[in-house]
Amino acid sequence: MKVLEVLEKSITVFCIVSFGGSVLPALLTGGGATDPDAPGAVIYFMAVYVMILGLIALRPSLAFRIPTGSPAVSLIVALAFLSALWSIYPDVTLRRAVAFLFTTAFAVYLALRYTFPEIVRMLATGLSILMVLSYASVFAMPAVGLDHEQHVGAWKGIFWQKNVTGRMMVWLVLCLLWLDWTREGKRWVVRPLLLMALLLIVMSRSGTGLVTSILVAGLLLVSGFVRGGIRSFAPAMAFVLLVAVVGITSGTTFWHDILYMLGRDPTLTGRTVLWEHTLMSIQDRFLLGWGYGAYWYGAYGPGSTFTQGWGINSAHNGWMEAWLDLGLPGVILTAMLMGRLLIQGFGAIRYSENRAEPAWIFTVGCALLLISVSESVFLERHSLNWIVLVIAVTRLVQRRRWAKMQARMQDQQQAYSAGFASSSPYGTSYGGPPAAGWSGPARPG
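Bear in mind the structure is a predicted one, so any value in this text is a computation, not a measurement.

A word on the overall build of the chain
Link 1 in the chain: Per the secondary structure count, the chain includes 18 helices and 0 strands.
Link 2 in the chain: Looking at the chain as a whole, 48% of its 445 residues are labelled buried.
Link 3 in the chain: Counting only contacts in the chain whose residues sit at least 6 apart along the sequence, the fraction spanning at least 24 positions is 73%.
Link 4 in the chain: For the chain, the computed accessible surface area is about 22,100 Å², with 68% contributed by carbon and sulfur atoms.

What follows is the structure, encoded as C-alpha cells:
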C-alpha cells in the first residue's frame, strides 16, 4: 500500500507541475518555448488526462463524489460545454471545455482525496520544482529563462511570461508560509525555499506578484487576531480598516508614482486600451458571451487585433475574461465562488475550532481578488490559479457538510437519549440520578 500511495502522490505532483503554466509541455515534446498550443503539447496533456483518470479510478467511491464536490463549480463546467451551442468556434470551445473539465476534476480530486496539510505540501513540492527549474533555466538556458522582448532582462524562468512567474510564486509563498506557520513543514527546508521564491518574484519584475505576496503574508499574520472576544477582535479589525483607508488614500493620491515604482505606466502596460475593446465586445454579447475559450482564437476572430498584433490571448482581467467566455451566468457563478471564499472563509477563521485551513482559504480569495484586476485567473484550463480556487471552494463546502452532519448526529443522539429515558421503567435517563425513594433493582437470585 505504501508503494501505491507514493506512486499516487508522485503522479499528483507531476500533474501539479504540468498545470503550472510552464513551457515544459512544449519543450518536452519538441515544440519549443514559443507555442503553448503546439501539437506535442496537446499530446502531452492528453497523457496527463489519462493519469488523472487513473488517479480517480483508484478511488471509486471518491469518483462519485467529484460532481457534487462543489455544485457551483460543476455548473460552471456544464456551462462551458453548453456554450458550444452559441460559440463562434464550437469545435474550439468543445476541445477547451474538455481541458477545463479535467483541470477542474483534478482540483476536486485533490480536495477530496487528501488531508489539507497533504494538499499544501504537494502544491509546495510541485511549485518548488518549477522554481528550481526556473533558476536553472535563467543561468543554463537564458534564451528560455530571460525575457528578451517587452521586459528585457526580467527573469521569467520556465514560465511563458514574467507575470505567470509572479503568480505561481505567490502560491508557493502562500503554501510555504502556511507550512512554516502551522509547523507542518521542516523549517530548514521551508525557509530557504521561501527566500528563493521571493527573490524570483523580485527578479521577474512582477509588480502584482510582489504586492500579492506582501498581502498573503499580512493576512496570515492578521488571522491570528480575528478569533477571541470583542476586546481582541475590535482592535484587529480597526487596524485592518486603518491600513485599508491609508492604502486607498495613498493609491488615489500617488497612483502615478506607485505605478512607476511597480514598473507600470498609467495605461497599465496597455491594459486600458485592451479593456476598452473588451468592454465593447462584452456589450455585443452581454448575456451568454462568445463561447468558452473562443474569443481569442483565430486570425480573424473578434480579438485578432490583439492576438496577431500584440501577442495577447486574454483580457488581462478575470471578470472581463469570464464575461467573454460564459457571459452573465459565468460572472454570477464566479462571484458566488469568490463570495464563498471571502465571507464563509472569514467566518470559519473566527468561529471554527481550527483556523489554519480557513486562513489559507480566505487568503486565497483575497489574493485572487487582487490578481483578477490585472490578470485573467478565473475559468482557466491547465492552470494552477483555477486549481487553487477550486480546492479552496471544495474544502469549504466539505467543511460545511461535515459540520451539518455532526450537528445532525448530535440531534439524533439527544433524541435517542430522550426516547430511552421516556421508555425506561425507572423513569430516569440512563446514567442520570435515580428517583427519590428508589432503592435500586432487585438483586438476581
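After that view of the structure, there is still more to cover.
Quick word on the packing of helix α3 (residues 39-57) against helix α6 (residues 90-113)
Link 1 in the chain: Relative to each other, α3 and α6 sit at 35°, their axes nearing to 10 Å. Crossing of α3 against α6: the hand is left-handed. Contacts from Tyr49, Ile52, Leu53, Leu55 and Ile56 in α3 reach Ala99, Phe102, Ala105, Phe106 and Tyr109 in α6.
Link 2 in the chain: Per-class residue counts for the contact of α3 with α6 are 10 nonpolar, no polar and no charged.

Description of helix α5 (residues 71-82)
Each α-helix turn comprises 3.6 residues. Residues three or four places apart therefore point the same way.
Link 1 in the chain: Helix length check: α5 (12 residues) gives 16 Å between terminal C-alpha atoms against 16 Å at 1.5 Å per residue, within 8%.
Link 2 in the chain: Along α5, the residues classified as buried are Ala72, Val73, Ile76, Val77, Leu79 and Ala80. Projected down its long axis, α5 carries its buried residues within an arc of 160°, all on one side.

As for the nonpolar core
Link 1 in the chain: In terms of nonpolar packing, the biggest core is built from 118 residues, with Phe106, Trp171 and Trp360 touching the most fellow members.
Link 2 in the chain: Residues contacting Phe106, with those up to four places away along its chain left out, are Thr12, Cys15, Ile16, Phe19, Ile52, Leu55 and Ile387.

Some remarks on a positive patch on the surface
Link 1 in the chain: A grouping of Arg65, Arg400, Arg401, Lys404 and Arg408 is seen on the molecular surface, where their side chains present a positively charged patch.
Link 2 in the chain: By the secondary structure assignment, Arg65 is in the loop between α4 (60-63) and α5.
Link 3 in the chain: Judged by its relative accessible area of 39%, Arg65 falls in the partly exposed class.

A word on the side chain of Ser376
Link 1 in the chain: Turning to its location among the elements, Ser376 is positioned in the loop between α17 (356-371) and α18 (384-423).
Link 2 in the chain: With relative accessibility at 6%, the residue Ser376 sits in the buried group.
Link 3 in the chain: At a separation of 3.4 Å, a polar atom in the side chain of Ser376 contacts the main-chain amide nitrogen of Asn317.
Link 4 in the chain: A polar side-chain atom of Ser376 sits 3.4 Å from a polar atom in the side chain of Glu321.
Link 5 in the chain: Once residues within four sequence positions are removed from consideration, Ser376 is found in contact with Ser314, Ala315, His316, Asn317, Gly318 and Glu321.

Focus on the pattern of salt bridges
Link 1 in the chain: Here the structure, examined in full by the defined rule, presents 10 salt bridges.
Link 2 in the chain: Taking the shortest distance from any N to any O, the salt bridge between Asp91 and Arg95 comes out at 3.7 Å. Pair noted here: Asp91 and Arg95 are both in helix α6, with a separation of 4 residues, about one helical turn.
Link 3 in the chain: The exposure class of Asp91 is partly exposed, given its relative accessible area of 45%.
Link 4 in the chain: A salt bridge links Arg167 to Glu375, with the shortest nitrogen-to-oxygen separation between them at 3.0 Å. Taken together, the residues span a long stretch of sequence, with Arg167 in helix α9 (residues 162-182) and Glu375 in the loop between α17 and α18 at a distance of 208 residues.
Link 5 in the chain: The buried category is assigned to Arg167, whose relative accessible area is 9%.
Link 6 in the chain: Taken together, the shared-partner salt bridges connect Glu8, Arg59 and Arg113 into one network.

Quick notes on the packing of aromatic side chains
Link 1 in the chain: Taken as a whole, this structure holds 19 aromatic pairs when the rule is applied.
Link 2 in the chain: Through successive ring pairs, a cluster of aromatic residues spans Phe14, Phe19, Tyr44, Phe45, Phe106, Tyr109 and Tyr114.
Link 3 in the chain: Looking at Arg113, its charged tip hangs above the ring of Tyr114, at a distance of 4.6 Å from the centre.
Link 4 in the chain: Stacked on the ring of Trp290, the Lys or Arg Arg285 has its end atom at 4.8 Å from the ring centre.

Side note on unusual backbone geometry
Link 1 in the chain: Here the phi dihedral of Arg205 falls at roughly 60°; this positive angle occurs in a residue that is not glycine.
Link 2 in the chain: Residue placement: Arg205 occurs in the loop between α10 (187-204) and α11 (207-222).
Link 3 in the chain: Judged by its relative accessible area of 46%, Arg205 is partly exposed.
Link 4 in the chain: Even without glycine at this site, His382 takes up a positive phi of about 55°.
Link 5 in the chain: Along the chain, His382 turns up in the loop between α17 and α18.

Overview of the side chain of Arg96
Link 1 in the chain: The topology assignment puts Arg96 in helix α6.
Link 2 in the chain: A relative accessible area of 15% places Arg96 in the buried class.

Cut-off values and rules
- The residue count restarts for each chain, going from 1 along the sequence in the order it is written.
- In view of the model being predicted, local features appear only for residues whose pLDDT reaches at least 70, and side-chain atom pairs are presented and counted only at 80 or more, with totals across whole chains, interfaces and linings using the full set of residues.
- Side-chain measures here rest on the full set of heavy atoms in the structure, leaving out hydrogens and waters.
- By the criteria applied, helices consist of DSSP H or I runs no shorter than four residues and strands consist of E runs no shorter than two, each listed in order from the N terminus.
- Partly exposed describes any residue whose relative accessible area lies between the buried limit of under 20% and the exposed limit of over 50%, with all areas from a 1.4 Å probe on protein chains only and scaled to the type maximum.
- Any two residues having at least one pair of non-hydrogen atoms within 4.5 Å are treated as being in contact.
- Using the Shrake-Rupley algorithm and a 1.4 Å probe, accessible areas are obtained, with residue cover drawn only from the displayed protein chains.
- To obtain an axis, a line is fitted to C-alpha atoms, over the contacting stretch when the element is a helix, and the angle between two such axes runs from 0 to 180 degrees between their N-to-C directions.
- Note on convention: the crossing is left-handed when the near helix lies turned anticlockwise from the far helix by less than a right angle, right-handed when the turn is clockwise.
- When residue character is reported, Ala, Val, Leu, Ile, Met, Phe, Trp, Tyr, Cys and Pro are called nonpolar, Asp, Glu, Lys and Arg charged, and the others, Gly included, polar.
- Expected helix span is given by 1.5 Å per residue-to-residue step, counting one fewer step than there are residues.
- The arc in question is the one traced by the directions running from the helix axis out to the C-beta atoms.
- For the purposes of this section, nonpolar cores are sets of buried Ala, Val, Leu, Ile, Met, Phe, Trp, Tyr and Cys residues that join through side-chain atoms within 4.5 Å.
- Like charges within 9 Å and nonpolar side chains (Val, Leu, Ile, Met, Phe, Trp, Tyr) within 5 Å are joined into patches, using only residues over 30% in relative accessible area that form no salt bridge.
- Salt bridge, as used here, is a side-chain nitrogen of Lys or Arg placed within 4 Å of a carboxyl oxygen of Asp or Glu.
- Asp and Glu are treated as the negative residues and Lys and Arg as the positive ones, with His and the ends of the chain left uncounted.
- Positions of charges follow a simple convention, taking NZ of Lys, CZ of Arg, CG of Asp or CD of Glu.
- Under the rule applied, a polar contact is a pair of N or O atoms within 3.5 Å (in protein, one hydrogen donor and one hydrogen acceptor; residues adjacent in sequence only if both atoms are side-chain atoms).
- To pair, rings of Phe, Tyr and Trp, with the six-membered ring standing in for Trp, must have centres within 6.5 Å; the planes then decide the type, stacked if under 30 degrees apart, edge-to-face if over 60, and tilted in the middle.
- In this analysis the charged atom, NZ for Lys or CZ for Arg, is taken to sit over a ring once it is within 6 Å of the ring centre and within 35 degrees of the ring normal.

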